[in-house]
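Read off the chains here:
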Amino acid sequence: MAYEFLTFDVADRIATITVNRPDKLNALNDATILELGRAIDEARSRDDVAGVILTGAGRAFVAGADISQLASQTPVSARERARRGQAIFRRFESSPKPTVAAVNGFALGGGCELAMACHVRIASEQAKFGQPETKLGTVPGYGGTQRLPRLVGKGRALQLLLTGEMIDAAEAYRIGLVNRIVPAGELLGAARTMLAQILANGPLALALCIEAVDRGLEMSLDEGLTLEASNFGLSAATQDMAEGTRAFLEKRPPAFAGK
């Protein structure tokens, strides 16, 4: 599948999706958003892909939306643009295959929102994060007001949203926005290492864990526990659980088949 604003590479069961508009700091125009949707759909559907790394070309991860497009939008087109982007970002978040954001530089506005839609975030020491939409007289449209408080808490989220301030990787790690910080030259290697560690586990179990956390956050505790018990029961019917428990008892690495 051909892309104009992204690159899509597969190696060792990992798809690396790179937003590739470095001259625009990888700003998200409408065409790039649509290509992100195609790319995550391709990754989710391909049998040779088990996990996804998302990163940016040049010195930015994604430095925000394309302001030239936002400047001319109407109330109707603005809502439609937000809902379209939200649906695409949601496909990263709900993917049964793990998604890792390798944040190499500026992750502002839509870029921060895109990183938050991934399951895990690894940042280079040079990464910067922020939701500066209020500085433009608008609000986040791709999930920033919803995912940020879920990750860092209401108070810190409101501080970042209302001030529009930009924070560095160390502060992002301190408040729980990112999972790990690494030197810039080690970013993609660290992302691949973490994803390889994840992919050594049972693929059906990974998908069930992702589903339980994703759906469970919208449920009461009792409902979430019911979902967890159901997924625990589903896993008991899989060949992977039989293989995993047998391998543990036999003191050998498991050979999961995703069945």
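In what follows, the accompanying structure is described. (Residues numbered from 1 in each chain as written. Predicted model: local features only at pLDDT ≥ 70, side-chain atom pairs only at ≥ 80, totals over all residues. Heavy atoms only, no water.)

## Re the environment of Gly 189
Part 1 of the reasoning: Considering the arrangement of structural elements, one finds Gly 189 in helix 8 (residues 187-199).
Part 2 of the reasoning: Between the C-alpha atom of Gly 189 and that of Ala 102, which follows or precedes it by 87 residues, the distance is 9.7 Å. (Helix = DSSP H or I, 4+ residues; strand = E, 2+ residues; numbered from the N terminus.)

## Points about the layout of surface pockets
Part 1 of the reasoning: Roughly 830 Å³ of internal volume is contained in the largest pocket.
Part 2 of the reasoning: Looking at the largest pocket, it is lined by 31 residues, and the ones nearest its centre are Glu 93, Met 116, Arg 147, Asp 214 and Leu 217.
Part 3 of the reasoning: Those elements giving two or more residues to the lining of the largest pocket turn out to be helix 3 (75-93), helix 4 (110-117), strand 7 (120-124), helix 5 (144-152) and helix 9 (203-216).
Part 4 of the reasoning: Looking at which element gives the most residues to the lining of the largest pocket, the answer is helix 5, with six residues. (1 Å grid on protein atoms, 1.4 Å probe; cavity = no way out; pocket = protein on both sides within 12 Å on 5 of 7 lines; lining within 4 Å. Points joined across faces, edges and corners; volume = space filled by probe spheres on them.)

## Focus: the side chain of Thr 99
Part 1 of the reasoning: With respect to the helices and strands, Thr 99 occurs in strand 5 (residues 99-103).
Part 2 of the reasoning: A residue is classified by how much of its surface remains accessible, and Thr 99, at 1% relative accessible area, is buried.
Part 3 of the reasoning: Setting aside its immediate chain neighbours within four residues, Thr 99 contacts Ile 40, Val 52, Phe 92, Ala 117, Cys 118, His 119 and Val 120. (Buried < 20%, exposed > 50% of the residue type's maximum accessible area, 1.4 Å probe, protein only. Contact = heavy atoms within 4.5 Å.)

## Comments concerning the sheet that holds strand 9 (residues 166-168)
Part 1 of the reasoning: Across the sheet, four strands lie side by side as 4-6-8-9; this open sheet has mixed pairing. Strand pairing shows two members of the sheet lacking a second neighbour, strand 4 (60-62) and strand 9, which therefore form its edges. Each neighbouring strand pair of the sheet contributes to a mean axis angle of 20°, computed without reference to strand direction.
Part 2 of the reasoning: Here three bridges tie strand 6 (residues 106-108) to strand 8 (residues 128-130), and the two strands are oriented parallel to one another. Directly across from Leu 108, in strand 8, lies its bridge partner Gly 130.
Part 3 of the reasoning: Lying over the sheet, helix 4 contacts strand 4, strand 6 and strand 8, oriented at roughly 75° with respect to strand 4. (Pairing = 2+ DSSP bridges. Axes fitted to C-alpha atoms, helices over the stretch in contact; angles between N-to-C directions.)

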